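# Overview (structure and organization)
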Amino acid sequence: MLSKPHAIFADALASDFAIGAFNTSNMELTQGIIRAADRQKSPVIVQTSEGAIEYAGLQVLSSIIKTLAGQASVPVIMHLDHGKSLDTAKRCIEAGYTSVMIDQSTLPFEQNIKNTKEVVEYAHARGVWVEAELGAIIGNEGVKDLHGGQTPDSFLTDPEQAKQFVESTGVDALAVSVGTIHGAFSGQEYIRFELLHEIQSILPQVPLVLHGASGLSSDNLTQACKTHVCKVNVDTELRIGFERAVKAYFDNAHDSYDPRKILGPGRDAVEAIVAEKITLFGSAGTAGIY
Ligand SMILES: [Zn+2]
């Protein structure tokens, strides 16, 4: 069922697990994600970027998610990933999203606060959850290397600033930069646990969000999910899995031009990856407790 995030995040915060947030842009990805969550009896976040909304159309994409959420036996949160403007956030809220992210992290601190606060006021008046970001999480989908001597350390979240940011904006969850990079990165990433613990001790009630986790080892990730990290975004790995499965179809002798036979393996691959992530994040079996 389509669900609000509030009780689920409260539980994740108290019980030391994280909820997977998986990106979709079409029917197959959405089915793969929700089928895996159903199988694992786990709450799940299905999220769409602005690019995905542009690709599929907001009404089409949100209708697919809502329909599949309605058929699921587990809670499904519909979330906007990296909303860059109040306008996008508003349109998503009107389309039935139960959660939005406003990302103004590239703007100066005061401006980030002002814009985020505006979205928080609009969203909260409608019962919608808001995630924001502080300390830019660098990179983008497909990034391979950092340039100009940049390392994740150049962009880490400052704990004192995080406290000020949360208090001034009233956001519900905070995406923090603690060592991860968006996209497929060729170097090894690792979580700065000391910094993560500092942030969570300064903001004990705020669920934290991890973006760009695809470069982390499974151990690192599992350990992070036992902290106040309550949401982990997964996008790149789903794309890679989908692409590989479709490519394998073409690489093998095939005798069909049926789109269902081409895309079906992609959907199955996504389902397998999501199921595995849910186990890593520790949320399997927690769907029945709300
Ligand atoms: Zn992100």
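Residues numbered from 1 in each chain as written. Predicted model: local features only at pLDDT ≥ 70, side-chain atom pairs only at ≥ 80, totals over all residues. Heavy atoms only, no water.

Under an unreviewed UniProt entry, the name given to the protein chain is Fructose-1,6-bisphosphate aldolase, class II.

### Details of the sheet that holds strand 3 (residues 76-83)
The 8 strands lie next to each other as 1-2-3-4-5-6-7-8, forming a closed barrel whose pairing is parallel. Averaged over all neighbouring strand pairs, the angle between strand axes comes to 25°, with direction disregarded. In this structure, strand 6 (residues 173-176) lies alongside strand 7 (residues 208-210), joined through 3 bridges in parallel fashion. Looking across to strand 7, one finds that alanine 175 is bridged to valine 209. Where helix 5 (residues 86-94) meets the sheet, its contacts fall on strand 3 and strand 4 (99-102), and the angle it forms with strand 4 comes to roughly 175°. Helix-sheet contacts for helix 6 (residues 109-124) involve strand 4 and strand 5 (129-134), and the interaxial angle to strand 5 is about 170°. (Pairing = 2+ DSSP bridges. Helix = DSSP H or I, 4+ residues; strand = E, 2+ residues; numbered from the N terminus. Axes fitted to C-alpha atoms, helices over the stretch in contact; angles between N-to-C directions. Contact = heavy atoms within 4.5 Å.)

### Let's talk about a negative patch on the surface
Among the surface-exposed residues, Asp158, Glu160, Glu194 and Glu198 lie close enough to one another that they form a single negatively charged patch. Residue position: glutamate 198 is located in helix 8 (residues 193-202). Under the relative-accessibility criterion, glutamate 198 is labelled partly exposed at 42%. (Patch = residues over 30% accessible without salt bridge, like charges linked within 9 Å, V, L, I, M, F, W, Y side chains within 5 Å. Areas by Shrake-Rupley, 256 points an atom, 1.4 Å probe, with all protein chains shown as cover. Salt bridge = Lys/Arg side-chain N within 4 Å of Asp/Glu carboxyl O. Lys, Arg positive; Asp, Glu negative; His and termini not counted. Charge placed at Lys NZ, Arg CZ, Asp CG, Glu CD. Buried < 20%, exposed > 50% of the residue type's maximum accessible area, 1.4 Å probe, protein only.)

### Observations concerning unusual backbone geometry
Located in the positive-phi region is aspartate 16, a residue other than glycine, with phi close to 60°. With respect to the element layout, aspartate 16 can be found in the loop between helix 1 (6-15) and strand 1 (19-23). One non-glycine residue, lysine 41, lies in the positive phi region at around 50°. Secondary-structure assignment places lysine 41 in the loop between helix 2 (27-40) and strand 2 (44-48). Assessed through its relative accessible area of 52%, lysine 41 is described here as exposed.

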